[in-house]
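A look at the structure
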Amino acid sequence: MVSIILLLLHSVSAATPSQWRNRAIYQVITDRFARTDGSTSATCNTGDRVYCGGTWKGIIQHLDYIKGMGFDAVWISPITFQLQGKTMWGESYAGYWQQDLYRLNGNFGTAADLKALSAALHAQGMYLMVDIVVNHNAWNGPPSAVNYTTFNPFNNPSNYHPFCEIDYSNTTSAQVCWLGDTNVPLPDLKTESPTVASTYQTWISQLMSNYSIDGLRLDTVLNVDPSFWPAFSRAAGSPYLVGEVYTGNTSTACAYQQSSSSSPILPGILNYPLYFPLSAAFASPSGNMTALAARIAEIHNACADTSLLAPFSENADVPRFASLTGDLVAAQNVLAFTLLADGVPVVYQGQEQHYSSVGGSGDPWNREALWFSGYQTQVPLYGLTKILLGLRKWAGGLDQGYWGYGMWAIYSDARTVVVRKGYPGRQVLAVLTNAGSQAPAHAVQLGADKTAATKGQVWMDVLGCGTVVADSNGGLNVTIPGGWPRVLFPQAALKGSGFCGQ
Ligand SMILES: *[C@@H]1O[C@H](CO)[C@@H](O)[C@H](O)[C@H]1NC(C)=O
Ligand SMILES: *[C@@H]1O[C@H](CO)[C@@H](O)[C@H](O)[C@H]1NC(C)=O
Ligand SMILES: *[C@@H]1O[C@H](CO)[C@@H](O)[C@H](O)[C@H]1NC(C)=O
Ligand SMILES: *[C@@H]1O[C@H](CO)[C@@H](O)[C@H](O)[C@H]1NC(C)=O
Ligand SMILES: *[C@@H]1O[C@H](CO)[C@@H](O)[C@H](O)[C@H]1NC(C)=O
Ligand SMILES: *[C@@H]1O[C@H](CO)[C@@H](O)[C@H](O)[C@H]1NC(C)=O
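Residues numbered from 1 in each chain as written. Chains lettered and ligands numbered in written order. Predicted model: local features only at pLDDT ≥ 70, side-chain atom pairs only at ≥ 80, totals over all residues. Heavy atoms only, no water.

So, about the nonpolar core. By size, the foremost hydrophobic cluster in this structure holds 116 residues, and its most contacted members are Leu216, Phe232, Phe282 and Phe337. The element contributing the most residues to this core is helix α13 (residues 328–340), with eight residues. If sequence neighbours within four positions are ignored, Leu216 has contacts with Met129, Val130, Ile132, Ile204, Met208, Phe232, Ala236, Tyr240, Leu241 and Val242. (Core = buried A, V, L, I, M, F, W, Y, C linked by side-chain atoms within 4.5 Å. Buried < 20%, exposed > 50% of the residue type's maximum accessible area, 1.4 Å probe, protein only. Helix = DSSP H or I, 4+ residues; strand = E, 2+ residues; numbered from the N terminus. Contact = heavy atoms within 4.5 Å.)

Structure below.
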């Protein structure tokens, strides 16, 4: 009897893409989120690129902070054993310098700690997403000196492509040449080799089950032979996979969601094609809203299922939004867009604290320790996230069709974009602007043909709790004061939600 129960527990399968569709992901850099000792003052200079002491136990101690914003999934850094010691580029704290698939990164904790994190998440109804690297291992020293016997299980040079530098204009080169540089080269695995592929399949199937993982974030997808993924995905239990396809080219990115035989290559991808025009549109009053609106339409046309994309406006590889503009209302607008866009939104730790970056922009400056914030919950972007993730859940709860209803831009002008998601009577209208906090109020007129508002319908702005009443033609005249985002929902459909006292 006991062994049957154990067997059942062990065969608990990962969560499917459709189980992930209504979720929202909080991205944690394990080394920089929380320490086991709870310290909020421990030194962590981003420019030093060294371990700062964050752990899996630390994450467990702050799950309420993450859950309090409405997130129900956490993406953690890669968990595997890393290159040890200091390199020209610092230490392996980010987790992308793997050397041994079968050992954990001891800086983050033990196997028991990782299992405890997984169990703590599941006890809160949350999912665990683990970041994984299949493209490469890492070495400290010149490419010619790589000692392959230090790697496990791929300890033979025959498992790797010979060294060459990547020519990014050449797709094959990106797949077979080496990432990194000649100081810290990243020996590139032959993911097209059946031996390498089947070794990875064995590993991932064990990893998913050992730590009850619900979904995976896949590193450097453009550098891996695409034919590697379908069998790997099946070995993992066909969970939600979200690939880092690091390109602004919509057709290149969306191709990863297209069918290869019966299943897509990847169910989800990080929405980089959206990211670039999104960030640029809101980062300055001269940002291009029309280009953003056009990109939304382009993605709808090219991607097979936008409800499985992962929209984001910050992550550990791109500049903090606050390093592009310090204007808080701009940060509110871009975050509102991100949280309401199609797919599974991702917020990078610190975005909710309006973290900027000291010393520079992008990696490593954008990896500030979250403990310096004191995990404050009474801050504007934390509150905004809580409301909008709540609204998203409410809209999806009223009508499952919400998740699959594509968000389109129904209006744009030089400083405003209006997006709609959801069927009439329960549709979200987000009126967003890059005008900034110094701008005078401006108004936009929205016709009923686009909004599906009805005559005299009362709409509530869930952020400010003001109302807007549709005119006798169903037209909406929405005023935007001081650059604020306005997120409207039919008041009648908010009954019982608790938003604005409804
Ligand atoms: C390569 O690494 C192995 C295992 O760590 C070690 O025993 C061996 O001495 C190394 N070889 C060289 C040439 O450094
Ligand atoms: C692309 O890169 C591959 C691998 O390095 C190389 O064999 C091929 O010649 C390159 N193609 C072009 C057009 O440069
Ligand atoms: C999974 O756990 C088993 C049993 O402890 C262990 O033998 C195996 O190496 C583990 N695999 C991974 C990938 O963690
Ligand atoms: C996107 O990539 C495709 C090839 O995958 C290429 O034909 C197209 O020109 C690229 N688009 C842009 C805007 O660079
Ligand atoms: C904004 O983007 C649109 C569409 O991509 C483009 O046609 C237009 O020229 C851009 N406007 C400015 C001011 O750059
Ligand atoms: C829209 O509202 C603004 C601000 O209240 C007002 O100035 C403007 O006249 C209104 N426009 C229309 C068409 O009603």
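What follows picks up the thread again.
Here the UniProt-annotated "site: Transition state stabilizer" (unreviewed entry) positions come out as Asp317. Mapping Asp317 onto the fold places it in the loop between α12 (289–302) and α13. When sequence neighbours within four positions are dropped, the list of residues in contact with Asp317 reads Arg217, Glu244, Tyr246, Tyr272, Asn366 and Arg367. (UniProt positions renumbered as here; feature names shortened; annotations may be inferred.)

At a minimum axis distance of 10 Å, the contact between α13 and helix α14 (residues 380–398) shows a crossing angle of 25°. It follows that α13 is roughly parallel to α14 by the angle criterion. With respect to the hand of their crossing, α13 and α14 are arranged in right-handed fashion. Contact residues: α13 offers Leu328, Ala331, Gln332, Leu335, Ala336, Leu339 and Leu340, while α14 offers Pro380, Leu381, Leu384, Thr385, Leu388, Leu389 and Arg392. Looking at the contact of α13 with α14 residue by residue, the classes come out as eleven nonpolar, two polar and one charged. (Axes fitted to C-alpha atoms, helices over the stretch in contact; angles between N-to-C directions. Parallel < 35°, antiparallel > 145°, perpendicular 65-115°, else oblique. Left-handed = near helix turned anticlockwise from the far one by under 90°. Nonpolar A, V, L, I, M, F, W, Y, C, P; charged D, E, K, R; others polar.)

Moving on: unusual backbone geometry. Residues Asn152 and Pro153 are joined by a peptide bond in cis, for which omega reads 0°. Looking at the element boundaries, Pro153 is found in the loop between β5 (127–132) and α7 (171–176). The omega angle of the peptide bond from Asp363 to Pro364 is 5°, so this bond is cis rather than trans. Summarising the element assignment, Pro364 is placed in the loop between β13 (346–348) and α14. Of note, Arg49 is a non-glycine position whose phi angle comes to about 55°, a positive value. Positionally, Arg49 belongs in the loop between α3 (30–33) and α4 (56–61). Among the residues examined, Arg49 registers a relative accessible area of 24% and is labelled partly exposed. Of note, the phi angle at Cys465 is positive, near 70°, even though the residue is not glycine. Positionally, Cys465 belongs in the loop between β18 (458–461) and β19 (467–469). For Cys465, a relative accessible area of 39% gives the class partly exposed.

This next bit is on the site of ligand 1. The environment of ligand 1 is made up of Asn147, Thr149 and Thr150. One of the side-chain nitrogen or oxygen atoms of Asn147 is found 2.4 Å away from an oxygen atom of ligand 1. Take Thr149: an N or O atom from its side chain is 3.1 Å from an oxygen atom of ligand 1. In isolation ligand 1 exposes 360 Å². Once the protein is present, 23% of that is buried. (Near = heavy atom within 4 Å. Polar contact = N/O pair within 3.5 Å; in protein donor to acceptor, adjacent residues only side chain to side chain. Areas by Shrake-Rupley, 256 points an atom, 1.4 Å probe, with all protein chains shown as cover.)

Under the defined criterion, the tally for this structure stands at 29 aromatic pairs. Consider the rings of Tyr148 and Phe151, whose centres lie 6.0 Å apart with planes at 85°: the pair is edge-to-face. A centroid spacing of 5.5 Å and a plane angle of 80° characterise the contact between Tyr402 and Trp403, whose relative ring orientation is edge-to-face. With relative accessibility at 2%, the residue Tyr402 sits in the buried group. Residue Trp403 is classed as buried on the basis of its relative accessible area of 6%. A network of ring pairs unites the aromatic residues Tyr26, Phe33, Tyr65, Phe71, Tyr375 and Tyr382 as a single cluster. Positioned above the aromatic ring of Tyr93 is the side chain of Arg32, whose terminal nitrogen or guanidinium carbon lies 3.8 Å from the ring centre. (Phe/Tyr/Trp six-rings, centres within 6.5 Å; stacked < 30°, edge-to-face > 60°. Lys NZ or Arg CZ within 6 Å of the ring centre and 35° of its normal.)

All right, on to the pairing of strand β15 (residues 416–421) then. Consecutive side chains of a regular strand alternate in pointing toward one face of the sheet and then the other. The buried fraction of β15 amounts to six of the six residues, a majority that puts the element mostly inside the structure. Residues Thr416, Val418 and Arg420 line one face of β15 and the alternating positions Val417, Val419 and Lys421 line the opposite face, and both faces are buried. Across four bridges, the pairing between strand β14 (residues 408–412) and β15 is antiparallel. Considered in β15, the bridge of Ser412 is made with Val417. If you look at the hairpin formed by β14 and β15, you'll find three residues sitting between the two strands. (Pairing = 2+ DSSP bridges.)

The next subject is the state of the cysteines. All chains considered together, the criterion is met by four disulfides. Each sulfur in the disulfide pair Cys465 and Cys500 lies 2.1 Å from the other. Taking the sign of the torsion about the S-S bond as the criterion, the disulfide between Cys465 and Cys500, at about -85°, is left-handed. In this pair, Cys465 is assigned in the loop between β18 and β19 and Cys500 in the segment after β21 (486–490), connecting sequence segments 35 residues apart. Cysteines bonded in the protein are numbered consecutively along the chain; their disulfide partners then correspond to 1-2, 3-4, 5-6, 7-8. (Disulfide = S-S within 2.5 Å.)

As a packed pair, helix α11 (residues 272–282) and α12 sit with axes 8 Å apart at the nearest point and diverge in direction by 165°. Judged on the interaxial angle alone, α12 and α11 are roughly antiparallel. As α11 packs across α12, the resulting crossing turns out to be left-handed. Contacts from Pro273, Leu274, Pro277, Leu278, Ala281 and Phe282 of α11 reach α12 at Met289, Ala291, Leu292, Arg295, Ile296 and Ile299.

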